[in-house]
Every structure is written in structure tokens, then in C-alpha cells.
Amino acid sequence: MCVGLSAKVVSLKDGMAIVDASGAKRSVSAQLLSNLNPGDYVMVHAGTAIAKITDDDTDETDSLLEEL
Amino acid sequence: MTDTRNKEDGLAKARRILKEYDGPKVRIMEVCGTHTHEIFRQGVRRLLSPKIEMISGPGCPVCVTDVTFIDEAISLALDHGCTIATFGDLVRVPGTKKSLQIARGEGAKIKVVYTPLDAVEYAKEHKDEQVVFLAVGFETTTPSECLALSNAIEENLTNFSLLTANKTMPAAYEAMKDATDLYLYPGHVHAIIGNQICEDLVKEGVSGVVGGFTGREILTALAIGVREFEKGKPFFKNCYPRVVTGEGSPQAMALVNEMMEPCDQQWRGIGLLKNSGMQLRSSYAAYDARKKFDLSGIVGKPNPACRCGQVLQGQIQPQDCPCFGTACTPEHPVGACMVSSEGACSAWYLYGELTSKPLTDETV
Ligand code: SF4
């Protein structure tokens, strides 16, 4: 139950967002986040978008490791 | 943006650091059940130098759900005729005498939902039933539960309430800090609450890294963690900045704080931790199932054979429990740590050291 997933907002309507999580589309509540726009990335938990995240750049780990 | 070749180099570098680590012995506690599960599934433990020990902490919400809470839920279903709406994992958690699953066989009405918002929809469509949602979870789940309740109130539903056992991570960090040299903090929790608590713990000498959940993200966080640890000074490093920002998610926190207040909370196997939970404020008493149905007086008794408490505090590994794999299996769990796939006992049972597959580039 505790697994969160990051997803991209595809569309928004009536407090709900259709999000794309690695290709799987699902409908989640967008009521907790104002100013969401299609194209934004969010963290989804228990059917609710709970936080806006920067993007889904998986290369982040490499830049972190470069500092070592 | 780096090219593919560099990407592989980064992963290889993290693996090499973890394999060749020869600094002081370090015990790393992954606090979150999702990390426990992924660390096993991805075979991370097999990559580590013998000087690095991973221990599982108390961050699986199912595993720390107190026996009394399960007994209360069963009483709501069987004695008060309520419909219990819940995340699926909780159904098999043992109470004093039985689980909700067994109670179902005795007539309890239990509806498994993916999100608390679905429980509100169910209540809307079944106005003749009293629907109680079992509100467990940490900072990541609590906002959805508050949102569900706020929607129910907006819809004027009087047949929806919450039975709360919500918990907060910082209390667990405080309680477990002597059991570990380095925390692997869960990224999604800190996406909500921000990083201040981690910075504050550094002042108490507690080190940690916050990390994501893919194999690549976990290895990166661990590699950076051990490199910093070697330097010998307490530190905190955010290894998941695309998700975890300094301030967290103010809107989610504002909703929770409007509806809930901190309280002392029972943690299964660990005991009462001060200020480690959230309960509904008295202005929401009409939606607090514990008050609405007067559940006072229910006190559960855990199975004395179960060693979950020690497992959750990193004092023993699951296979040190005499019940592990014999009396206690995922099909017949004796304790809560064997129920959810995020529980340490279940993860050890399912993936155990020998059977865990090695981390390959395809798995990250
Ligand atoms: S193996 Fe079962 S009984 Fe033993 S600590 Fe784990 S959950 Fe409890």
C-alpha cells in the first residue's frame, strides 16, 4: 500500500488528473495540488497526486555520482 | 542530459563503491517498507561489501499496525455492523484472536479499495451502510485520507468515518537512531515533509541520505552514503532532488494539519511512541469511528511468539525468529511483518539471500 509512483499529468478535469506512469494511464485525484498543468510531473500515492516533482530525469543519479 | 554510455558508467561506479567499500563498518537502516522490498527484489544486499550491513526499520505501515487497531476494526464490523473499507494488506494482519479475513467468514463486511477516495464513493452509493475506512499510513498516505474525509463532508455524508492509526516518520527516526549508523530515508515521505528533520538529526549526530526507489536510485544513495560516512562526520545528503525539495508539499501538509493533530501512537512490537501519530481534531469527532461507535476498552494482546518488535528495531534479522518459515509464512502470518510484501519477514521469506537475483542493468 505504501508504494508511490511518479507520473506525468496528461490531462485535468474536475479535480481529477489522467496521469501516465511509465506508459500506464490512470485517473488520480488532483485536488491537493493547485496550478497543475498537463506536462507536469507528480508523485502519486493512494490514488492522489501528493507532490509536484521536477521532472522524470533519471540521469539525476549520474550527476550526483560525478561529485564523488 | 548525459548519454547512455555515461549512464552505465554511473551505475557501475555506484556498484564498485559499494562492493569495494573498506571503511569503518556501517549499519544502514532502510526505514521504509518500499525500500525493504526493492532492496531485496533488486538483489542489492548481494552487491555490498561485508563491511556494509543493511537492516530494515519500522516504516512499513502494515507491520507497525497495532493489534488493538485490528481488534477495533473487527469490533466495528461484527459488533456494530459497519462496513470496513481498507487497503488490502490490512485484511490478513492478525488481531488478538483473528484477522479481518477470518472475521469476514463470520459475516464481517469488508471492502478492499485502492484509494480512500473509493471508500467515499462506496459510502455515497450505500447510504444505508456505515462505512469506516481504516486510516493507516505515514505522511504519504495521510493526505489522501484527509482528502477523502473532506470530500465526504462536502457531500454531506453521515455514513462515513475514519478509524485512525496514522503515524509520522520523524518519531521513528528518533526512536531508532541508536540502532543504525546511517539512515536511508524514504524519498516519497520527504517529498511531503521536506528535509528539515534530516538536517536537524545531523545536529544530533545522526547521518542519512534520502533516496528514490529504483535500483539505480537506491545504489546511488547508498554509494554516496558510505563515501560520506567514511569521512567520519555526521551528514545529510539529498540523493533524490528531483522529487524531494526543501519545503515538501505545503498543500498536503496544510490539509492534514487542518483536520488532524499529533498524538501518541502505539507501534506494533515497539510500544507507545510520544507524538508519533496523527488523530482527527475534536471538531471532526463525528467522523472519528473510535468516538462515534465508542470503542474505548478494547485492548489487544499480540502473539507472544512473534519477534516483530525486535525485527522492526533492527535488533534481530527475521530468520532469527523461531517462527520464521515454520509457524509463520506469508500464507499463515503470525505477525504483521510477514503479511505485506513490504514487511521485513515477508521480504526475507520471498527473496531470502540465496534466491535474490543479482542486480543487472535490466533490473534498474
Ligand atoms: S517471522 Fe513471523 S512471528 Fe517471527 S517476527 Fe516475523 S512476523 Fe513475527
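Residues numbered from 1 in each chain as written. Chains lettered and ligands numbered in written order. Predicted model: local features only at pLDDT ≥ 70, side-chain atom pairs only at ≥ 80, totals over all residues. Heavy atoms only, no water.

Colleague: Tell me about the overall build of chain B, and please be specific about residues and values.
Modeller: Helix and strand content of chain B: 14 helices and 12 strands. In terms of C-alpha radius of gyration, chain B reaches 21 Å, essentially the compact-globule figure of 21 Å for 364 residues. If you line up chain B on its principal axes, its C-alpha atoms span 60 × 45 × 40 Å. For chain B, the residues scored as buried account for 60% of the 364 residues in total. Of the contacts formed within chain B by residues at least 6 apart in sequence, a portion of 77% connects residues at least 24 apart. For chain B, the exposed area adds up to about 14200 Å²; of that, 50% sits on carbon and sulfur atoms. On chain B, the mean spot of the 38 positive side-chain charges and the mean spot of the 44 negative ones are 4 Å from each other. (Helix = DSSP H or I, 4+ residues; strand = E, 2+ residues; numbered from the N terminus. Rg over C-alpha atoms; globule rule 2.2 N^0.38 Å. Buried < 20%, exposed > 50% of the residue type's maximum accessible area, 1.4 Å probe, protein only. Contact = heavy atoms within 4.5 Å. Areas by Shrake-Rupley, 256 points an atom, 1.4 Å probe, with all protein chains shown as cover. Lys, Arg positive; Asp, Glu negative; His and termini not counted. Charge placed at Lys NZ, Arg CZ, Asp CG, Glu CD.)

Colleague: How would you summarise the pairing of strand 8 (residues 182-186) of chain B if you had to cite specific residues and measurements?
Modeller: All names here are of chain B. A large share of strand 8 lies buried, amounting to five of its five residues. Judged by which residues are buried, strand 8 turns out to be covered on both faces: Leu182, Leu184 and Pro186 on one side and Tyr183 and Tyr185 on the other are all buried. Taken together, the three bridges between strand 1 (residues 26-32) and strand 8 define a ladder with parallel strand orientation. Across the sheet, the residue bridging to Met29 is Tyr183, located in strand 8. In this sheet, strand 9 (residues 207-211) lies alongside strand 8 in parallel orientation, the contact comprising five bridges. Across the sheet, Pro186 pairs through a bridge with Gly211, a residue of strand 9. (Pairing = 2+ DSSP bridges.)

Colleague: Give a description of the site of the ligand that names residues and reports values.
Modeller: Neighbouring residues of the ligand: Cys306, Arg307, Cys308, Cys321, Cys323, Phe324, Cys328, Val334, Gly335, Cys337, Met338 and Cys345 of chain B. Residues belonging to the shell around the ligand are distributed by class as follows: 10 nonpolar, one polar and one charged. (Near = heavy atom within 4 Å. Nonpolar A, V, L, I, M, F, W, Y, C, P; charged D, E, K, R; others polar.)

Colleague: Which residues make up the sheet that holds strand 1 of chain B, and what values do they have?
Modeller: Residue and element names in this part refer to chain B. The parallel open sheet is built from five strands, whose spatial order is 2-1-8-9-10. Every interior strand has two partners, whereas the edge strands, strand 2 (52-59) and strand 10 (236-238), have only one. Averaged over all pairs of adjacent strands, the angle between their axes in this sheet comes to 20°, without regard to strand direction. The pairing of strand 9 with strand 10 spans three bridges and is classified as parallel. (Axes fitted to C-alpha atoms, helices over the stretch in contact; angles between N-to-C directions.)

Colleague: With reference to specific residues and values, describe unusual backbone geometry.
Modeller: For Asn35 of chain A, which is not a glycine, the phi torsion comes out positive at approximately 55°. As for its placement among the helices and strands, Asn35 of chain A is situated in the loop between strand 3 (24-29) and strand 4 (41-45). Phi is positive for Asn156 of chain B, which is not a glycine, with a value near 60°. Its location among the elements puts Asn156 of chain B in the loop between helix 6 (142-154) and strand 6 (160-164). A residue is classified by how much of its surface remains accessible, and Asn156 of chain B, at 65% relative accessible area, is exposed.

Colleague: Outline the interface of chain A and chain B, supporting the account with residue identities and numerical values.
Modeller: Counting residues at the interface gives 33 residues for chain A, matched by 47 residues for chain B. The interface formed by chain A and chain B contains zero salt bridges. Looking at the side of chain A that touches chain B, the elements with two or more residues in it are strand 3, strand 4, strand 5 (48-53) and helix 1 (60-66) of chain A. Ranked by the residues each element gives to the side of chain A that touches chain B, the list is headed by helix 1 of chain A, at six residues. Of the residues in the side of chain A that touches chain B, the class split is 13 nonpolar, 11 polar and nine charged. (Salt bridge = Lys/Arg side-chain N within 4 Å of Asp/Glu carboxyl O.)

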